[in-house]
Amino acid sequence: MIEAIKGGLLITGSLFMLLAAVGLLRLPDLLTRMHATTKAAALGVILIMLAAAMHFAEVGVVARSFAIIVFILMTAPVAAHVIGRAGYFVGSRLWSGTVKDELRPNYDPLTHELKSGLETHENAKRQPRANDPD
Amino acid sequence: MDTVLLISQVIMGFALILAFVRVVRGPSLPDRVVALELFSTTVVGLVGVYAIQSGVASFLDAAIVIALMGFLAAIGFARFLERGGPRDD
């Protein structure tokens, strides 16, 4: 029984990783590629680590594999956020079928200013402070 | 069980090949960074499968280290990209 569950977890996990790689290869732009890789690959690692925990079934090993799971769950969204932000600022092109880009009208890439979209006419102007770096 | 381990290793090796195709073809540097991050995640899975295959639980420590290195590399690349400003590649 344990063997069957272990085998199922292993095959499913590796199939999710293959799915992430196929998505990385097939999807059209940076953000959709990231959406494929982060979630599917994290789920694949989680399933494989569960299989490892079931295989060894000792306290230390189970704790270590759960530590890997928690680590992946914490770092995958952070890394995806940071890379997506850097990719947008670097100016990577969005897919031609993109419906909405809410950052585009509110963000000035030259001054790095970000508007909230709720400005009145007066406070929409840039108001430099004394301790501004530039 | 050996067959299942072999099958999952082959599948993950194929995933590595596909990610490598994206590393080579990737039109811009952020695409390559995403592909390299998928690389490190897949290698973590491969190390986990190898730990099961060999019966040595210490390989999971190596998996932790690989996951940490991949995360730090992604953060470092993102900082590097953001410092550089807009680029066209």
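Calculation rules
Residues numbered from 1 in each chain as written. Chains lettered and ligands numbered in written order. Predicted model: local features only at pLDDT ≥ 70, side-chain atom pairs only at ≥ 80, totals over all residues. Contact = placed C-beta atoms within 7 Å. Helix = DSSP H or I, 4+ residues; strand = E, 2+ residues; numbered from the N terminus. Nonpolar A, V, L, I, M, F, W, Y, C, P; charged D, E, K, R; others polar. Expected span 1.5 Å × (residues − 1). Buried ≥ 20, exposed ≤ 12 C-beta atoms within 10 Å, placed from the backbone. Core = buried A, V, L, I, M, F, W, Y, C linked by C-beta atoms within 7 Å. Axes fitted to C-alpha atoms, helices over the stretch in contact; angles between N-to-C directions. Parallel < 35°, antiparallel > 145°, perpendicular 65-115°, else oblique. Left-handed = near helix turned anticlockwise from the far one by under 90°.

### Examining the interface of chain A and chain B
Counting residues at the interface gives 45 residues for chain A and 43 residues for chain B. Breaking the side of chain A that touches chain B down by element, the ones donating at least two residues are α1 (2–26), α2 (30–56) and α3 (59–90) of chain A. Examining the composition of the side of chain A that touches chain B, we find that 15 residues originate from one element, α3(A), more than from any other. Here the side of chain A that touches chain B is composed, by residue class, of 31 nonpolar, 11 polar and 3 charged.

### As for helix α2 (residues 29–54) of chain B
Residues and elements named next belong to chain B. If you check α2, its first and last C-alpha atoms are 37 Å apart, about what 26 residues at 1.5 Å a residue would give, namely 38 Å. Most of α2 is tucked away, with 19 of its 26 residues classed as buried. Trailing α2 by a residue or two, G55 shows a phi angle of about 75°, which is positive.

### Focus on the nonpolar core
The biggest cluster of nonpolar side chains holds 59 residues, and the ones touching the most others in it are A:A20, A:A21, A:L24, A:I83, B:A15 and B:L38. Of all elements in the fold, only α1, α2 and α3 of chain A together with α1 (2–25), α2 and α3 (59–84) of chain B reach the threshold of two or more residues within this core. Per element, the largest residue contribution to this core is 16 residues, and it comes from α2(A).

### Let's talk about the packing of α3(A) against α2(B)
For any two helices packed against each other, one specifies the crossing angle of their axes together with the interaxial distance. It is the contact of α3(A) with α2(B), at a shortest axis distance of 10 Å, that shows an interaxial angle of 165°. In terms of orientation, α3(A) and α2(B) fall into the roughly antiparallel class. The chirality of how α3(A) crosses α2(B) is left-handed. Packed against α3(A), whose contacting residues are A:A79, A:I83, A:A86, A:G87 and A:V90, the element α2(B) presents B:P30, B:V33, B:V34 and B:E37 at the interface.

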